[in-house]
Amino acid sequence: MSPDVRPVTESEFADWLRACRTGFLMPPVVSEELAADRLPHFDLPRVQGAFDAGRCVATYRSYTQQLTVPGGAAVPANAVSNVSVSPTHRRRGLLTRMITADLAAAKERGEIVSTLIAAEFPIYGRYGFGPATWFTEWSVDVARTGLDPRWSGPEDGGRIDLVDGEEARKLGPELYDRFRAGRAGAVDRDEHWWRVNTGVAQAGPEPWKEPFYALYRSAAGEVEGLAVYRAEASGWSDAGQPDTELAVEKLIAVSAAAERALWQFVCSVDWVTTVRTGRRAPDDLLPLLLPDPRAARTVTCADFLWVRLLDVARALEARTYDTSGTLVLDVHDPLGLAGGRFRLEASSPGGAARCSPTGLPADLAMDLGSLGSLYLGDESVLRLMDLGRVTEEREGAAVVADALFRARRRAWCPDMF
C-alpha cells in the first residue's frame, strides 16, 4: 500500500526528526531532550510526514518567512525545509504529494512566493522553483594579500571589538534588520535563530562550540558590522611557523567602511595564514578590496536560494524596477497554481509597478521557474532566452525585460534554512 502522507502529531515528532536525520545521512538518533527542545519551534500543521507501517519514511515542513526583494520590501514567503525521503522509499511520488499540498495551502494563506535551498539541483524545477541567488566562497592566502601586516584597526575613526554571544544576541538583530532591508534575497531571522546561533538553544545533538564575534562601530559609535568566525585546522608548518585557517561563518555590514574593516581584521589575526570566507555574495567587496585580489582563490560558486512565485501579480508589484517599461508575460506553471498571462507596467524608475492578468498578446513566454530566477534581479532575460527558457514573442521585448528585471547589486541570501 502507498505510504500515508499527512501532518505529523506531537507523539510522532521524534520519529519524524529521526527520519529527517536519516535522509540527510546524519546519525539517526533523537533524544527525548532534543525532540522536546525543537518541538515548540515547529508549526505541526505545516510539518508533513509519510508513514509506512507506522514508521516515518519521508519528511517535509514549511513556515512563514520574510524575503527582501529589489527596492527593499519584505514579502511573505512560504519557506520549505527539512525535505527528505528515506532511501527505502525513493521514486514513489512522496515529495510530489507533500509539496503540492503545501504550495496550495501557502497560496490560500496569501503567501506570494515560496523559497527553499536545494540540496540537489534537478529536483525542484519541476515544481516551479528557479535558482534566484548564487554564492561564492574564497580561500584567502593571507601572506599574499598585500595588506599591511602592521594594521591595528580602522583608520576611519571606527573600532572593532571582540564581544561574547550575549552581546551579539543583543545587538545583532537590529543590525541584521538594517542589512536585510538593503539586500534582495536576504530572509528574516527570528529570536530562535539568534538563540541557536549564539549557543543558547540546541540545534542538534552535537555540542556547541563558541565562535568569535567581532563587532564594528563607526566613529559615531553606531554598530555597522558583525563578523562571526572560528579557528580551524590550527597547527605549525615545517618551518616552525604558526599555520592556522580562520573560517568566517557570518559577516554582515551596513556600510562599506564596516565591510572593508571586518575583512581586513579577519586577515590580520595573528597565526592565521588562510581565511575561508564562507558563502558570500558573488559581487562581494572581497577579493577586489585586497591589494592582490589573486590571493583569494575561488573555492565554490553555486546556486543557493530558489524561488517559486505563488501569486505572480502581487509578487511583481512588490518589487521595484530601475527603468520604465511595459511587458505582457505568458507564464506556464507546471502545477497550475499561478500561471497565466500578465501585464506588467513600470511607469517610473525605482517606483511602484502595476501587474494584473490580461488577455493581450504576450511579449515574452517562460515557465514559472525562469520567472523565479529573474524575480530578485540576479538573472539575465537575454541569457535565459539564449538557453531556450524564455521565448520572445515580440521583437525587442527581451531587451526591455532584461533592463527592467536586473537589480543594481546581485541578490544574496546569507542564511541556510
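Refer to the structure presented above.
Notes on the structure follow. (Residues numbered from 1 in each chain as written. Predicted model: local features only at pLDDT ≥ 70, side-chain atom pairs only at ≥ 80, totals over all residues. Heavy atoms only, no water.)

1. Topic: the pairing of strand 7 (residues 134-141)
Every regular strand shows the same layout, with side chains that alternate between the two sheet faces.
Thought 1: For strand 7, the buried fraction is high: 6 of the 8 residues fall into the buried class.
Thought 2: For strand 7 and strand 13 (residues 296-303), the ladder comprises 7 bridges, and the chain directions are antiparallel. Each residue of the ladder has a partner; that of T136, found in strand 13, is C301.
Thought 3: For strand 7 and strand 12 (residues 272-276), the ladder comprises 3 bridges, and the chain directions are antiparallel. Across the sheet, residue V140 finds its bridge partner in strand 12, namely V275. (Buried < 20%, exposed > 50% of the residue type's maximum accessible area, 1.4 Å probe, protein only. Helix = DSSP H or I, 4+ residues; strand = E, 2+ residues; numbered from the N terminus. Pairing = 2+ DSSP bridges.)

2. Re the side chain of R189
Thought 1: Locating R189 in the fold gives a position in the loop between helix 4 (165-180) and helix 5 (191-196).
Thought 2: Judged by its relative accessible area of 9%, R189 falls in the buried class.
Thought 3: At a separation of 2.7 Å, a polar atom in the side chain of R189 contacts the side chain of D415. (Polar contact = N/O pair within 3.5 Å; in protein donor to acceptor, adjacent residues only side chain to side chain.)

3. Focus on the sheet that holds strand 5 (residues 113-117)
Thought 1: Strand order in the open sheet formed by 7 strands is 1-2-3-4-5-14-6, with mixed pairing between adjacent strands. Of all strands in the sheet, those bounded by a partner on one side alone are strand 1 (4-7) and strand 6 (130-131).
Thought 2: The strands that helix 1 (residues 13-23) touches are strand 2 (47-52), strand 3 (55-68) and strand 4 (74-85); relative to strand 3, the one it contacts most, it runs at about 85 degrees.
Thought 3: Relative to the sheet, helix 3 (residues 94-109) contacts strand 1, strand 2, strand 3, strand 4, strand 5 and strand 14 (305-309), its axis offset from that of strand 3 by approximately 30 degrees. (Contact = heavy atoms within 4.5 Å. Axes fitted to C-alpha atoms, helices over the stretch in contact; angles between N-to-C directions.)

4. Looking at the pattern of salt bridges
Thought 1: Evaluated as defined, the whole model comprises 28 salt bridges.
Thought 2: Between R409 and D283 there is a salt bridge whose closest N-O contact spans 2.8 Å. One end of the pair, R409, is in the segment after helix 10 (397-405); the other, D283, is in the loop between strand 12 and strand 13, and 126 residues separate them in sequence.
Thought 3: R383 serves as the salt-bridge partner of E379, at 3.0 Å between the closest nitrogen and oxygen.
Thought 4: Residue E379 is classed as buried on the basis of its relative accessible area, which comes to 10%.
Thought 5: Three or more residues joined by partner-sharing salt bridges are found here, namely R159, D161, E167 and R217. (Salt bridge = Lys/Arg side-chain N within 4 Å of Asp/Glu carboxyl O.)

All we've got here are geometric facts, nothing functional implied.
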